[in-house]
Amino acid sequence: MSHTQDPTAESPTRLDWNTVRERLQQHTGRTYWRSLDELADSENFQSFLHAEFPQEASILSAVGRRQFLQLMGASMALAGLSACTRQPEEKIVPYVKAPEQIVPGEPLYFASAMPTPGGALGVLVESHMGRPTKVEGNPDHPTSLGATDVFTQASILDLYDPDRSQVVRSVDEIRPWASFVESFRGAVEAQRANQGRGLRILTETVTSPTLAEQLRQILTLFPEAKWHQYEPCNQDAALGASVQCFGEAVHTAYHFDKADVVVSLGGDFLAGPNAVRATKDFTRRRRPSEQDKLNRLYVVEPTPTLTGAIADHRLPLRQSDMEAFAHALGAAAGLPLTSPSIMAPHQPWIAAVAADLRKSGGRSIVIAGPEQPAAVHVVAHHLNHALGNVGTTVTYTESLDTSQTGHLNSLRNLVVEMDAGNVAVLVILGGNPVYTTPADLKFVDSLKKVALRVHLSGYDDETSRLCNWHIPAAHYLESWSDVRSQDGTISIIQPLIAPLYSGKTAHEVLALLTDPAERPSHDIVKDHWKVRHPGPDFDHFWRRILHDGSVPDTAFPTKSLTPNADALRALAAPGASSSLDLLIRADSHVFDGRYANNGWLQELPKPMTKLTWDNTALIAPATAERLGLQSQDVVELKLQDRSVRAPVWVLPGQAPDTVTVHLGYGRTRAGRVGNGAGFNAYLLQASGFPWNATGLEVHKTGEQQLLACTQDHSSMEGRDIIRTLTLDEYEHGHEGQEKHEEMSLYPAYPSEGYAWAMSIDLSACVGCNACTIACQAENNIPIVGREQVGKGREMHWIRVDRYFEGDVDNPSTHHQPVPCMQCENAPCEVVCPVNATVHSSEGLNDMVYNRCVGTKYCSNNCPYKVRRFNFFKWNDTETESLKLQRNPDVTVRSYGVMEKCTYCVQRINYRRIQAKKEDRKIRDGEIVTACQQVCPADAIVFGSLHDPKSRVSELREDKRNYALLEELNTRPRTTYLAALRNPNPELGGKGKA
């Protein structure tokens with residue numbers, strides 16, 4: 001990790017904690033704030049507050065005019081140099097005669113599925129002239145229901161990443177695929193003689209029925225061979241608890257749309273690769289409805305999460321006390337458990353939660369997070385059974401995870417066998433175990449003892465470097481395969497483009513072990529399904545499942561299970577810990593490190609910290625004060641014989657005496673984007689306690705590291721823009737905002753035609769950032785890098801602001817997406833000297849890029865801070881693969897112009913053309929903006945105000961509706977519905993513990 005600082009940058013402000021708390025106590029009523037710097041009114045915050053672009057962002061701040069021109073010239077030269085990439089050897093041949101179904105300018109959509117660690121997400125992939133450009137959710141697939149997440153949106157950039165592995169490599173030598181086949185088959189024949197005694201296969205979680213069948217065939221042909229599974233972010237604790245309770249490993253499915261009360265014990269179910277369906281179901285109950293009452297969410301967690309942010313009541317609790325809390329809650333709800341004495345301070349809170357659960361019996365959920373110890377899961381299973389939730393809000397099905405001993409045990413067994421010299425051939429299909437294995441297993445030392453090591457991977461990564469053979473893996477958009485979703489539903493993965501770099505799939509590599517001739521993935525997968533669906537109608541069946549995106553009637557049936565009482569009686573009474581807790585968690589954007597080279601995800605601000613490009617050691621304000629630490633101080637984290645150096649970030653709402661670090665950073669062979677970003681938290685991980693540990697030591701180094709954080713960018717100068725209401729306030733007539741009389745010198749716009757507008761429901765928004773990255777993928781928005789983000793130059797057209805409310809130790813948290821407001825009285829338009837920003841007849845605030853000369857007057861005059869100026873040529877126009885990624889319907893901007901949200905005007909125009917062809921008006925709901933389409937919470941609605949029956953018109957009449965800074969009379973077309981919370985009156989009705 002580098003600690004080099006920009007010599008022109010200012011040092012981080014040192015906060016006085018007494019001043020921060022005193023200033024907060026001076027406020028009366030509801031007080032919203034975005035950062036500790038804002039509370040302290042620090043110099044850094046003031047620099048962002050009083051300038052449209054902060055002092056650090058001044059393009060000539062540290063250099064003279066001549067030096068600036070020299071730097072610009074060098075920058076452009078280097079941009080072209082660094083964009084060069086080795087192209088595939090095959091020639092790209094244009095269409096001589098295009099297929100009939102392809103019409104130039106008309107996109108096609110193909111159903112597929114994106115594999116994730118916990119199953120598949122059903123998607124529809126947009127293709128322009130044979131190249132995929134955008135991934136959307138499949139509305140007919142049970143896991144997505146038309147929505148996606150940040151990982152799915154960013155997967156299109158991974159496809160075209162020029163840093164992807166492009167060649168077969170043997171040690172340091174580039175070799176043809178045929179050479180690998182010959183060498184590998186020779187080693188396989190040697191293993192055939194001893195029934196595969198020295199053959200081992202290491203995979204991640206296998207959810208493909210075809211791949212699982214191939215592995216079973218291999219183990220039949222080589223009965224002495226072994227198959228190991230290891231997924232860094234595994235479900236070992238949850239599966240182990242289900243074995244204790246039910247005698248078998250099962251998957252617990254939660255039906256949030258049926259639950260009136262949800263209690264989360266360290267479970268961030270609204271985040272991660274499998275959160276789309278959970279978010280869809282949960283937020284369905286966050287809106288006032290005549291059919292269902294507003295649900296209530298209690299969250300107990302050690303570090304702030306998206307789920308905790310939307311909670312009606314949140315209790316920050318040390319991880320070492322989570323098991324004690326589970327015992328106390330179980331005892332209060334009627335289980336035969338004893339409440340530990342250390343829970344006495346929280347007993348009123350626990351009693352109120354238990355009473356609410358009992359009152360909502362059969363319509364409640366108790367969920368334990370995957371990182372929680374097995375004991376917490378056991379208590380959750382027994383609570384759901386005792387409350388009558390099983391069969392309604394909670395069901396059990398077969399588990400996707402077929403690892404019999406658990407992932408860490410499976411990996412540990414492999415390491416033992418490698419050390420013993422029992423492994424002659426190791427085939428690693430995907431994953432990066434050299435990087436992701438807990439430090440205590442010493443996987444690297446063991447791996448070197450294997451004679452033949454083969455790695456199939458999308459990148460020539462840390463594991464590939466230590467293998468004899470590296471095989472480039474095909475991206476899922478280049479592959480044929482099949483995959484199960486969390487509920488068991490099977491989808492066919494079909495490619496939209498031929499492999500750009502001759503990548504191979506796991507199917508093709510495993511076929512070398514069983515088949516005399518090489519077989520393509522298409523034939524392997526299709527033949528598997530011919531066996532599963534025999535008969536003369538197979539071709540029709542095959543075409544139907546490819547078209548629909550899923551195989552009907554393949555979801556797992558539910559199991560009728562009752563938890564074993566012995567599992568509850570076997571739980572030991574938890575004790576207290578006096579040392580610092582260490583939490584290790586998957587990152588919200590790069591996950592376990594597999595997305596480290598994705599620039600969109602690296603530059604996407606973290607939902608809770610608004611940090612980009614780095615991971616940090618998160619600590620509570622009280623802990624920081626006790627240890628004499630401030631944000632951006634570098635510390636040494638030491639746990640037993642393992643240590644790393646990490647920058648500190650003080651996070652309001654963090655549990656005291658708790659340090660949280662995130663995985664996925666500190667990569668050395670991720671690619672040009674991911675290398676060197678952050679520190680490697682796997683170095684602190686041990687196989688015995690992969691997620692939670694006690695006994696952490698924190699040592700100050702006296703160094704500081706400047707971090708790229710966006711939380712104070714685009715500040716609203718203290719103006720009140722977030723609105724929240726309790727359910728009681730809403731039901732008794734409180735409105736989102738006082739209405740102002742509209743007076744204007746601007747001429748009125750015509751009332752005929754369309755009047756495009758947007759409504760954003762803050763009650764549903766969970767702050768997942770999917771809208772931001774969907775907008776980036778749709779509108780060809782570039783990344784700018786860590787240094788430029790630090791100067792306030794990020795380019796996102798829609799940002800998600802995060803606000804805290806209340807004290808620094810346990811604040812309530814609110815999220816607010818902010819696109820261009822598309823003002824009817826737009827203050828940006830009147831100040832543009834070249835008429836580059838103009839008003840359309842349909843109410844859009846348009847940007848004419850080739851008129852813009854970069855005066856930035858419009859941005860200075862925008863009270864919402866939603867305009868972005870591209871100081872440099874951030875759009876790479878040289879790399880051929882990146883050219884294929886871009887949306888051809890959106891202009892790729894050069895540098896020196898202002899950019900902003902356009903309500904996806906290209907989508908509006910496309911539907912306008914379709915409607916004109918059919919001689920009709922555009923129907924309500926026919927136009928779906930990118931941010932609206934991706935949103936798993938359905939928080940965004942778009943339509944025309946001139947249609948009184950449109951959904952957006954109806955929401956304008958909701959008493960929660962308000963406009964940002966309506967007193968300025970800008971008359972925004974984008975308005976908001978105030979966030980609703982449903983606090984328990986027994987807990988004071990404020991949403992805090």
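Note that the structure is predicted; figures quoted are calculated from it, not measured. (Residues numbered from 1 in each chain as written. Predicted model: local features only at pLDDT ≥ 70, side-chain atom pairs only at ≥ 80, totals over all residues. Heavy atoms only, no water.)

Q: Could you clarify how one ought to interpret the overall build of the protein in this entry?
A: Along its length, the protein carries 31 helices and 39 strands. Sorting the 993 residues of the protein into buried and exposed places 61% on the buried side. A fraction of 75% describes how many contacts in the protein between residues 6 or more apart in sequence connect residues 24 or more apart. By element, 51% of the accessible surface of the protein is carried by carbon and sulfur atoms, the whole surface being about 38300 Å². (Helix = DSSP H or I, 4+ residues; strand = E, 2+ residues; numbered from the N terminus. Buried < 20%, exposed > 50% of the residue type's maximum accessible area, 1.4 Å probe, protein only. Contact = heavy atoms within 4.5 Å. Areas by Shrake-Rupley, 256 points an atom, 1.4 Å probe, with all protein chains shown as cover.)

Q: Can you walk me through the packing of aromatic side chains in this structure?
A: Each aromatic ring pair is characterised by the separation of its centres together with the angle its planes make. A complete count under the given rule lists 22 aromatic pairs for this structure. Look at Phe246 and Tyr396: their rings are 4.8 Å apart centre to centre, the planes differ by 55°, and that puts the pair in the tilted class. With Phe246 in helix α8 (residues 236-246) and Tyr396 in strand β14 (residues 394-398), this pair connects stretches of sequence that are 150 residues apart. Of the residues examined, Tyr396 reaches a relative accessible area of 1% and is grouped as buried. When the ring of Trp529 is compared with that of Phe541, the centres are 6.3 Å apart and the planes differ by 40°; the resulting orientation is tilted. Residue Trp529 is found in helix α19 (residues 521-532), and its partner Phe541 is found in helix α20 (residues 538-548); the two are separated by 12 residues along the sequence. (Phe/Tyr/Trp six-rings, centres within 6.5 Å; stacked < 30°, edge-to-face > 60°.)

Q: Can you walk me through the sheet that holds strand β8 (residues 226-229) in this structure?
A: Adjacent strands of a sheet form backbone hydrogen bonds with each other and so pair up, either parallel or antiparallel. One open sheet accounts for seven strands, arranged β6-β5-β17-β16-β15-β7-β8; its pairing is mixed. The two strands at the open ends of the sheet, each matched to only one other strand, are β6 (173-175) and β8. For this sheet, the mean inter-axis angle between neighbouring strands, taken without regard to orientation, is 20°. As paired elements, strand β16 (residues 452-457) and strand β17 (residues 469-472) share four bridges and run parallel to each other. Looking at β17, one finds that His455 is bridged to His470. Along the sheet, helix α14 (residues 407-419) contacts β7 (199-203), β8 and β15 (425-429); its crossing angle with β8, the most-contacted strand, is approximately 130°. (Pairing = 2+ DSSP bridges. Axes fitted to C-alpha atoms, helices over the stretch in contact; angles between N-to-C directions.)

Q: Could you clarify how one ought to interpret the state of the cysteines in this entry?
A: As used here, a disulfide is simply a covalent bond connecting the sulfur atoms of two cysteines. One pass over the full model with this rule turns up zero disulfides. Considering cysteine sulfurs only, Cys935 is the nearest to Cys768, which forms no disulfide, with 6.2 Å between them. A relative accessible area of 23% means that Cys768 is categorised as partly exposed. (Disulfide = S-S within 2.5 Å.)

Q: Quick question: what am I supposed to make of the nonpolar core here?
A: Within soluble globular proteins, side chains that are nonpolar tend to cluster in buried spots. Counting residues in each nonpolar core, the largest one holds 118 residues, and the members touching the most others are Leu637, Val661, Trp756, Tyr864, Tyr903 and Tyr976. Those residues in contact with Trp756 that lie beyond four places of it in its chain are Glu842, Leu844, Tyr903, Ile908, Ile922, Ile927, Phe942, Gly943, Ser944 and Arg973. (Core = buried A, V, L, I, M, F, W, Y, C linked by side-chain atoms within 4.5 Å.)

Q: Looking at this structure, I do not really get the pairing of strand β2 (residues 108-116). What am I missing?
A: For a regular strand, side chains alternate in direction, first toward one face of the sheet and then toward the other. Here β2 runs beside strand β3 (residues 119-128); their pairing, made up of nine bridges, is antiparallel. Paired with Ala113 across the two strands is Gly122, which belongs to β3. The hairpin formed by β2 and β3 contains two residues between the paired strands.

Q: What's the story with the sheet that holds β2 in this structure? I'm lost.
A: Ordered in space as β2-β3-β4, the three strands form an open sheet in which the pairing is antiparallel. The sheet is open, and its two edges are formed by β2 and β4 (131-137), each paired on a single side. Geometrically, the sheet is characterised by an average inter-axis angle of 40° between neighbouring strands, direction not taken into account. Of the strand pairs in this sheet, β3 and β4 are connected by six bridges, and their pairing is antiparallel. Opposite Val125, over in β4, you have Val135 as the bridge partner. In the packing of helix α5 (residues 150-159) onto the sheet, the strands contacted are β2, β3 and β4, and the crossing angle to β4 comes to about 170°.

Q: Whenever I open this one, the packing of helix α18 (residues 506-514) against α19 confuses me. Can you help?
A: Between α18 and α19, the shortest axis-to-axis distance is 8 Å and the interhelical angle comes to 80°. Comparing their axes, α19 and α18 come out roughly perpendicular. Contacts between α18 and α19 pair His507, Glu508 and Ala511 from the former with Ser521, Ile524 and Val525 from the latter. Of the residues contributing to the contact of α18 with α19, the split by class is three nonpolar, two polar and one charged. (Parallel < 35°, antiparallel > 145°, perpendicular 65-115°, else oblique. Nonpolar A, V, L, I, M, F, W, Y, C, P; charged D, E, K, R; others polar.)

Q: Explain the side chain of Ser399 to me, please; I cannot follow it from the model alone.
A: Looking at the element boundaries, Ser399 is found in the loop between β14 and α14. Polar side-chain contacts of Ser399 include one of 3.1 Å to the backbone nitrogen of Asp401. Residue contacts for Ser399: discarding those within four places in its chain leaves Leu239, Ala249, Val250 and His251. (Polar contact = N/O pair within 3.5 Å; in protein donor to acceptor, adjacent residues only side chain to side chain.)

Q: Help me out: how do you make sense of the packing of helix α7 (residues 209-221) against α19 in this one?
A: Describing two packed helices takes the angle between their axes plus the distance from one axis to the other. Relative to each other, α7 and α19 sit at 90°, their axes nearing to 10 Å. Looking at the two axes, α7 sits roughly perpendicular to α19. Here Pro209, Thr210, Glu213 and Gln214 of α7 come into contact with α19, specifically with Ile524, Val525, His528, Trp529 and Arg532.

Q: What exactly am I supposed to notice about the pattern of salt bridges here?
A: Where charged atoms from two side chains of opposite charge come close, those side chains can pair. For the coordinates displayed, the defined rule picks out 48 salt bridges. One salt bridge in this structure joins Glu213 and Arg216, with 3.2 Å as the shortest N-O distance. Of this pair, Glu213 and Arg216 both sit in helix α7, three residues apart, roughly one helical turn. Under the relative-accessibility criterion, Glu213 is labelled partly exposed at 28%. Across the pair Arg960 and Asp761 runs a salt bridge whose closest N-O atoms are separated by 3.0 Å. Of this pair, Arg960 sits in the loop between α31 (951-956) and β37 (961-962) while Asp761 sits in strand β29 (residues 756-761), and the two are 199 residues apart along the sequence. Taken together, the shared-partner salt bridges connect Arg169, Asp172, Asp460, Arg465 and Arg669 into one network. (Salt bridge = Lys/Arg side-chain N within 4 Å of Asp/Glu carboxyl O.)

Q: Help me understand the confidence of the model for the protein in this model?
A: Close reading of the predicted structure is inappropriate where its pLDDT is low. Residues with a pLDDT of 70 or more make up 87% of the protein, whose mean pLDDT is 86. Within the model, the stretch residues 52-97 combines pLDDT values under 50 with 50 contacts to residues more than four positions away or in other chains. (pLDDT = per-residue confidence, 0-100.)

Q: Sorry, what's going on with the environment of Phe325 here?
A: Mapped onto the secondary structure, Phe325 falls in helix α11 (residues 322-332). Given a relative accessible area of 1%, Phe325 falls into the buried group. Residues within four places of Phe325 in sequence aside, it is in contact with Leu265, Val300, Leu315, Leu317, Met343, Trp349 and Ile350.

Q: Please clarify how the side chain of Arg164 should be interpreted in this entry.
A: Mapped onto the elements, Arg164 comes out in the loop between α5 and β5 (168-170). Filtering out sequence-adjacent residues up to four positions away, Arg164 remains in contact with Asp158, Leu159, Gly458, Tyr459, Ala473, Ala474, His475, Glu478, Leu500 and Tyr501.

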